[in-house]
Amino acid sequence: WDWPLQTKDGFVKVHNDTEKFEVHLDASHFIPNEIRVKVVDGHIDIHAEHKSKTGPLGDVARSLSRSYKLPEDVNEGAVKSWLSPRGYLVITADKKPHVSNRPRLSL
């Protein structure tokens, strides 16, 4: 999981255990309605864009598109995303139920 707005300085955090998958990405340059997150064929597609805005250094426009493969044990239907008050894009999903292939013992 790379993210184009950082330089490997800890602004991307991935938590992936047996119950949950969660990613925090610094998206402080965007507001919620400028970010779209979709799940398509086992991938998370992220698109963020804002048109030209005038700032102290002139006009600035930003856009980015990224697609990341989800771990195979992630429940694609449970993926949720939101922008935190601190400007982090948070993407979470529960894992698929674990199915054991071990035979059941009858007593």
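Residues numbered from 1 in each chain as written. Predicted model: local features only at pLDDT ≥ 70, side-chain atom pairs only at ≥ 80, totals over all residues. Heavy atoms only, no water.

Moving on: the sheet that holds strand β4 (residues 43-55). Strand order in this open sheet of three strands is β3-β4-β5, and the pairing throughout is antiparallel. Edge positions in the open sheet fall to β3 (35-40) and β5 (58-69), since each of these has one partner strand only. Direction aside, neighbouring strands of the sheet carry axes that sit 10° apart on average. Examined bridge by bridge, β3 and β4 share six bridges and lie antiparallel to one another. Its bridge partner being in β4, Val40 is matched across the sheet by His43. (Pairing = 2+ DSSP bridges. Helix = DSSP H or I, 4+ residues; strand = E, 2+ residues; numbered from the N terminus. Axes fitted to C-alpha atoms, helices over the stretch in contact; angles between N-to-C directions.)

What follows deals with the confidence of the model for the protein chain. Across the protein chain, the average pLDDT comes to 83, with 81% of residues at or above 70. When mean pLDDT is compared element by element in the protein chain, strand β6 (residues 80-83) scores highest at 96, while strand β1 (residues 12-16) scores lowest at 83. Low pLDDT, under 50, characterises residues 3-7; the stretch is placed with 18 contacts to residues that sit more than four places away or in other chains. (pLDDT = per-residue confidence, 0-100. Contact = heavy atoms within 4.5 Å.)

It is worth spelling out the nonpolar core at this point. One finds Ile46, Val79, Leu89 and Ile91 to be the most contacted residues of the largest nonpolar core, which totals 17 residues. Of all the elements in the fold, those that place two or more residues in this core are β2 (20-26), β4, β5 and β7 (88-94). (Core = buried A, V, L, I, M, F, W, Y, C linked by side-chain atoms within 4.5 Å. Buried < 20%, exposed > 50% of the residue type's maximum accessible area, 1.4 Å probe, protein only.)

Strands pair in a sheet through their backbones, by hydrogen bonds, and they do so in one of two ways: parallel or antiparallel. Pairing is antiparallel in the open sheet, where four strands are placed in the order β1-β2-β7-β6. Of all the strands in the sheet, just β1 and β6 have a single pairing partner and so form its edges. For this sheet, the mean angle separating the axes of adjacent strands, direction not counted, is 10°. Pairing analysis gives four bridges linking β6 to β7, with the strands arranged antiparallel. Bridge assignment links Lys80 to a residue of β7, and that residue is Thr92.

Under the defined criterion, the tally for this structure stands at three salt bridges. Linking Lys20 and Glu22 is a salt bridge whose minimum nitrogen-to-oxygen distance equals 3.4 Å. Assessed through its relative accessible area of 33%, Lys20 is described here as partly exposed. (Salt bridge = Lys/Arg side-chain N within 4 Å of Asp/Glu carboxyl O.)

We now examine the side chain of Lys95. If you trace the backbone, Lys95 turns up in the segment after β7. Here the side chain of Lys95 touches Asn16 through a polar contact of 2.6 Å, side chain to side chain. Leave out the neighbours within four places in its chain, and Lys95 touches Asn16, Asp17, Thr18, Glu19, Lys20, Phe21, Asp73, Val74 and Asn75. (Polar contact = N/O pair within 3.5 Å; in protein donor to acceptor, adjacent residues only side chain to side chain.)

Below, the discussion takes up the pairing of β4. One face of the sheet, then the other: side chains in a regular strand alternate in exactly this way. Hairpin connection of β3 to β4: two residues between the antiparallel strands, including Asp41 at a positive phi of 50°. Between β4 and β5, which follow one another and run antiparallel, lie two residues.

One can find Ile46 in strand β4. Its relative accessible area of 2% is what places Ile46 among the buried residues. Each C-alpha atom of the pair Ile46 and Ile35 lies 7.2 Å from the other, and the pair is 11 residues apart in sequence.

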